[in-house]
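Here is how the chains run, residue by residue.
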There are 2 protein chains.
Amino acid sequence: MRIIGIDPGSRVTGFGVIDTSGRNVQYVASGCIKTTPNASLPERIHTIVHDIFEVIDRYRPTVAAIEQVFVNINPSSTLMLGQARGAAIAALTTKNLPVFEYSALQVKQAVVGQGKAAKQQVQHMIVQMLHLSNTPQADAADALAVALTHHLRNHTLAQGLGARKVKGGRFI
Amino acid sequence: MRIIGIDPGSRVTGFGVIDTSGRNVQYVASGCIKTTPNASLPERIHTIVHDIFEVIDRYRPTVAAIEQVFVNINPSSTLMLGQARGAAIAALTTKNLPVFEYSALQVKQAVVGQGKAAKQQVQHMIVQMLHLSNTPQADAADALAVALTHHLRNHTLAQGLGARKVKGGRFI
């Protein structure tokens, strides 16, 4: 299974691609899609969709996982983030990928083993689990984390609960 | 010029297609894209994108106009509406249509001639201007209104300001 993870954002959309085979997981690619701050919303959406299409055409994932977003204190920011996330999901479904949604809590619980984990702990686990030589950019790391979440939750389900547990940032 | 107007929504997305030639305008088609209330967000987005693709493939518009949306009192509704609107814009830009955004105020000013016009006045003008035999469904009418707004604003600009004025719901 090749999973593409997406961390949506109106300015930066992170993506991460991993390969999984049983409990094994391997890093394939990751990066950030950046939109021009002064561009119109349709132009920014075009960039997000176009670049996600390119990533899909290049790496041919078979399934997609995307982070759920929270409503912001600023309603305009919530609207902007919603539009960017809707565009990202539209790009994924247009390429006929099944799309799974995970909350930040689910990502932290799956990757670090506790829902209150700091961002740094998530990034640390990403580097460890994928044997990376350095920490990816924040949005790319978040995208890899949601891709890993899909793998870990499905692997655990497939093997019966508790086949592989992570607690406090360590395998047990 | 063939214009597709879109009134985005998480449950119902209205669309309207009109042909324009100089100051003349003709109704082509309109309707509503409805999503299943209990479907997941990716499924609903898939429906919106798929159905907009079908409308575009069938009627081959050359330009798109979409209504701007307001932030809602309920932040979750704002997020949902944003995601549906982002998906609709993604569908339009994927089909390489230039997308123009108009606020509800701009639509009312263009179609009825005053920004405080009631929804019924907008619908009345749609029926009059497009010589329709009956009033389209609310979301389809809103979509036709935003398509007409693009036509009226561009025609007025092309002819010099004031070439055709609408005031209080009447041509003057």
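Since the structure is predicted, the reported quantities are computational estimates derived from the model, not experimental observations.

The subject of this paragraph is the overall build of chain A. Each helix and strand counted, chain A has five helices and seven strands in total. Sequence-ordered secondary structure for chain A, helices as α and strands as β, is β-β-β-α-β-α-β-α-α-α-β-β. In summary, chain A has a C-alpha radius of gyration of 16 Å against a globular reference of 16 Å for 172 residues, a match within 12%. Seen along its three principal axes, the alpha-carbon backbone of chain A occupies a region of about 50 × 35 × 30 Å. Expressed as a percentage of its 172 residues, the buried residues of chain A come to 52%. Across chain A, the fraction of contacts at a sequence separation of at least 24, relative to all contacts at a separation of at least 6, is 62%. For chain A, the accessible area works out to roughly 8,100 Å², and carbon and sulfur atoms hold 48% of it. Across chain A, the mean location of the 17 positive side-chain charges is 11 Å away from that of the 10 negative side-chain charges.

A few words now on the packing of aromatic side chains. What describes a pair of aromatic rings is the distance from one ring centre to the other and the angle between the planes of the rings. Enumeration according to the criterion identifies zero aromatic pairs over all chains in this entry. A cation over an aromatic ring shows up here: Lys 95 of chain A above the ring of Phe 53 of chain A, its NZ or CZ 4.9 Å from the ring centre.

A few words now on the nonpolar core. By size, the foremost hydrophobic cluster in this structure holds 48 residues, and its most contacted members are Ile 4, Ile 52 and Leu 92 of chain A together with Ile 4, Ile 52 and Leu 92 of chain B. Once residues within four sequence positions are removed from consideration, Ile 52 of chain B is found in contact with Ile 6, Ile 33, Ala 88, Ala 91 and Leu 92 of chain B.

Attention now goes to the sheet that holds strand E2 (residues 12-21) of chain A. Residue and element names in this part refer to chain A. Across the sheet, which stays open at both edges, the five strands sit in the order E3-E2-E1-E4-E5 with mixed pairing between neighbours. Where the open sheet ends on each side, the last strands, each with one partner, are strand E3 (24-34) and strand E5 (99-102). Between one strand and the next, the sheet's axes are offset by a mean angle of 20 degrees, whatever the strand orientation. Against the sheet, helix H2 (residues 75-94) contacts strand E1 (2-7), strand E4 (63-67) and E5, and its axis sits at roughly 175 degrees relative to E4.

This next bit is on the sheet that holds strand E3 (residues 24-34) of chain B. Residue and element names in this part refer to chain B. A sheet is described by the order of its strands in space; here five strands give the open sequence E3-E2-E1-E4-E5, paired in mixed fashion. Two strands bound the open sheet, and with one partner strand each, they are E3 and strand E5 (99-102). On average, each strand axis in the sheet is inclined to that of its neighbour by 20 degrees, with strand direction left out of account. Sheet topology note: the strand E2 (residues 12-21)/E3 ladder contains 10 bridges and is antiparallel. Paired with Thr 20 across the strands is Val 25, a residue of E3. Here helix H2 (residues 75-94) sits on the sheet and contacts strand E1 (2-7), strand E4 (63-67) and E5; the angle it forms with E4, its principal contact strand, is near 175 degrees. Seen against the sheet, helix H3 (residues 104-111) touches E4 and E5 and runs at an angle of roughly 85 degrees to E5.

What follows deals with the relation of the copies chain A and chain B. Of the transformation superimposing chain A on chain B, the axial component is 0.0 Å and the angular component is 180 degrees, with the fit at an RMSD of 0.0 Å. What we have between these two chains is a two-fold relation. Comparing contact sets, 100% of the residues at the interface of chain A also lie at the interface in chain B, consistent with an isologous, same-surface contact.

Moving on to the confidence of the model for chain A. Residues and elements named next belong to chain A. Per-residue confidence for chain A averages 90 on the pLDDT scale, and 90% of its residues sit at or above 70. For residues 161-172, every residue scores under 50 in pLDDT, and the model assigns this stretch 28 contacts once sequence neighbours within four places are set aside. Both scores are available for the predicted complex, with the pTM at 0.89 and the ipTM at 0.87.

Rules used throughout
Residue numbers here run from 1 along each chain, matching the order of that chain's written sequence. Each chain is given a letter, starting from A, and each ligand a number, starting from 1, according to the order in which they appear as written. Owing to the predicted nature of the model, reporting of local features is limited to residues with pLDDT of at least 70; listing and counting of side-chain atom pairs is limited to 80 or more, with chain, interface and lining totals taken over all residues. Note: side-chain values were computed over all heavy atoms of the structure, leaving out hydrogens and water. Helix and strand definitions follow DSSP, with helices as H or I runs of at least four residues and strands as E runs of at least two, each counted in order from the N terminus. Radius of gyration means the value over C-alpha atoms here, while the globule rule gives 2.2 Å times the residue count to the 0.38 power. Here the term buried applies to any residue with accessible area under 20% of the maximum for its type, exposed to any over 50%, and partly exposed to those in between, with areas from a 1.4 Å probe on protein chains only. Contacts: residue pairs with any heavy atoms within 4.5 Å of one another. Accessible surface is estimated by sampling points in the Shrake-Rupley manner with a 1.4 Å probe; for residues, cover comes only from the protein chains shown. All tallies of charge rest on Lys and Arg as positive and Asp and Glu as negative; His and the ends of each chain are not included. To locate a charge, take NZ of a lysine, CZ of an arginine, CG of an aspartate or CD of a glutamate. Classification of ring pairs uses Phe, Tyr and Trp, with its six-membered ring standing for Trp, and accepts pairs whose centres are within 6.5 Å; under 30 degrees between planes counts as stacked, over 60 as edge-to-face, and the remaining range as tilted. Both a distance and an angle decide whether a charge sits over a ring: NZ of Lys or CZ of Arg must be within 6 Å of the ring centre and within 35 degrees of the ring normal. Joining through side-chain atoms within 4.5 Å is the link that ties buried Ala, Val, Leu, Ile, Met, Phe, Trp, Tyr and Cys residues into a set, and such a set is a nonpolar core. Pairing between strands requires that DSSP locate at least two bridges from one strand to the other. Lines fitted to the C-alpha atoms define the axes, with helices restricted to the stretch that makes contact. Angles between their N-to-C directions range from 0 to 180 degrees. A residue counts toward the fit only if its pLDDT is at least 70 in both copies, and the copies are then superposed by least squares on the C-alpha atoms of those residues. Here pLDDT means the predictor's own confidence in every residue, given as a number from 0 to 100.

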